[in-house]
Amino acid sequence: MRKVRAALIVLLALMSLAAWADPLHKATPAASDASLGGGFVVWLVQTQHQLNESIADAFHDVETGGSRDALALILGLAFLYGVLHAIGPGHGKSVVASYFVAHRARWTSGILMGSLISLIQGVSAIVLVGILAIILQAKQVQILNRGTLVELVSYGLIAIIGIWMFYRAASGKLHAHADHDHYGHDHDHHHHKLDPRLILATGLTPCASAIIILLFALANHAFGLGVIAVAVLTVGMAVTISTIGVATVLGRRALLTVIDKAGMETHRLERGLAMAAAVVIVGVSGLMMYDAWIRL
Amino acid sequence: LCLAATTLSAAAHPHVFIAYAATILCQNDKIVGVRFAWTFDEMYSASLFNDYTGRPKGALTPADIQKLHDEAFKDSAEEHYFAEIAFNGKSIPLARVTDFGASYDGRKMTYRFTVPLDLAPAHGENVLDVGVFDHEFYIDFEPVKHDPVTVEHGAALKLACAPATLTKDTTTFGPLKAQVLRCRFAGAA
């Protein structure tokens, strides 16, 4: 019965996700009313709630029966949870999108950056729970609040990097060699290398859902299983974040190609994009800092 | 830029899920309180149980319940216990709660407590809205699926209660649709 329910949830989630992603769907009058955003948030929350309960059920099944099916179910649910959860705020999506708006990059960089950020987020959660819960024996509900403190620090660092990115873009330092490429109409453009500081600062924010799953696993004397579930959750998050990275890389490229074909100067636009993206990074991280601050 | 803006607005992150039920307490022709039952999701329940009993399993003792009250539940007083009660369109400020109790069924933790009220019906139709909402949206409150609202000693007032949808503001996600429990009844002619 539980398995049927979980399978139904998975199916429902995939169908709804497909419907949401379908551009035609947005054009229908029913979906275009002002409550779309609110309705989607409510749907996302309820689906996460159900996944959360199903994962808890599956943990009990593993505990009582140790069945292989329950284990597979946990991993499947954790993956889906990761995909959905990363659609929510944080998780570095805005940073990834802004970064690839600002910089010329290969699409594979989108996957690399999304995966690295997710990986660090998962590791950060495991380290946080490992130190606080296992070594320091801190109260579990307090650990969630400590996570908020790390969030605050992480967004602060991102904001600083954003300000630095703005300075670089505004002073034109990004395009010192791009000019050279344009002379010979050589399209073997220089690709910007990923900024490890930005990836590290973004990934530092531990994923609260990963923390919750780890704590629950710990309460059920199955920390190892929790770590495995979080690893799979991380892969799910990587899918969402990488998708946004790749979409931005391709979107930027398409935009610049159109502008270039029209015979317009792309140099200024690139600089404008870089500045706007830096503003977004600072703005969003500021907003997330405020959000973390009121929860602290 | 648009992409960044939409990813933020299409956001949701409650980490605690609470299903709530309310019992409207009546006495003669007055409403004298609301008794709430909050049932936490299994993951948060496990954390609460571990933190405040120090045991892996079992039932709550009176000492555990006292500890939960003093060290966990009392903090929500700052948020007025997340309860939002409006009578005939006017929101009722909540000062205190009574009769705190807690139970743990091995999977889920339930808190029970009463918000005392003293509401005399006005002439004509009266509307009482009872909702529970966290405007920071760290906690997602939803009415329980079956019988979210019941009435005690309501024979004189003849309350008709059912869930209704309202829009509530959140600090980060803008307005969201939320369910409240709405009771309608006629005042004395």
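Treat the numbers as computed from the prediction; the structure is a model and nothing was measured. (Residues numbered from 1 in each chain as written. Chains lettered and ligands numbered in written order. Predicted model: local features only at pLDDT ≥ 70, side-chain atom pairs only at ≥ 80, totals over all residues. Heavy atoms only, no water.)

Draft legend 1. How the structure looks around the overall build of chain A. Helix and strand counts for chain A come out as twelve helices and zero strands. Along chain A, from the amino end to the carboxyl end, the secondary structure elements read α-α-α-α-α-α-α-α-α-α-α-α. Counting all 296 residues of chain A, 51% fall into the buried class. Excluding contacts between residues fewer than 6 apart, the proportion of contacts in chain A whose partners are at least 24 apart in sequence is 81%. Carbon and sulfur atoms make up 69% of the accessible area of chain A, which amounts to about 13700 Å² in all. (Helix = DSSP H or I, 4+ residues; strand = E, 2+ residues; numbered from the N terminus. Buried < 20%, exposed > 50% of the residue type's maximum accessible area, 1.4 Å probe, protein only. Contact = heavy atoms within 4.5 Å. Areas by Shrake-Rupley, 256 points an atom, 1.4 Å probe, with all protein chains shown as cover.)

Draft legend 2. Examining the interface of chain A and chain B more closely. Contact residues are listed per partner, giving 48 residues for chain A and 39 residues for chain B. Taken over both partners, the interface formed by chain A and chain B buries close to 3800 Å², and the fraction arising from carbon and sulfur atoms is 65%. The interface formed by chain A and chain B holds two salt bridges in total. Put simply, Lys108(B) and Glu53(A) hold a salt bridge, and the shortest N to O gap is 3.1 Å. Counting every contact that joins chain A to chain B gives three residue pairs in polar contact (both at pLDDT 80 or more). (Buried area = accessible area lost by both parts, 1.4 Å probe. Salt bridge = Lys/Arg side-chain N within 4 Å of Asp/Glu carboxyl O. Polar contact = N/O pair within 3.5 Å; in protein donor to acceptor, adjacent residues only side chain to side chain.)

Draft legend 3. View of the confidence of the model for chain B. All names here are of chain B. When the pLDDT values of chain B are averaged, the result is 82; 91% of them are 70 or greater. The least confident element of chain B, judged by mean pLDDT, is helix α1 (residues 2–9) at 35; the most confident is strand β2 (residues 30–40) at 92. With pLDDT under 50 throughout, residues 1–12 is counted as low confidence; its partners more than four residues away or in other chains account for 31 contacts. Reported for the predicted complex are a pTM of 0.73 and an ipTM of 0.70. (pLDDT = per-residue confidence, 0-100.)

Draft legend 4. Structural context of the state of the cysteines. Residues and elements named next belong to chain B. Counted by the stated rule, this structure contains one disulfide over all chains. Each sulfur in the disulfide pair Cys161 and Cys183 lies 2.1 Å from the other. Residues Cys161 and Cys183 are joined by a disulfide whose S-S torsion is about 110 degrees; by sign, that bridge is right-handed. You can see Cys161 sitting in strand β10 (residues 160–168) and its partner Cys183 sitting in strand β11 (residues 176–186), a full 22 residues away along the chain. With no disulfide of its own, Cys26 has Cys161 as its nearest cysteine by sulfur position, at a separation of 8.1 Å. Residue classification places Cys26 among the buried positions, given a relative accessible area of 4%. (Disulfide = S-S within 2.5 Å.)

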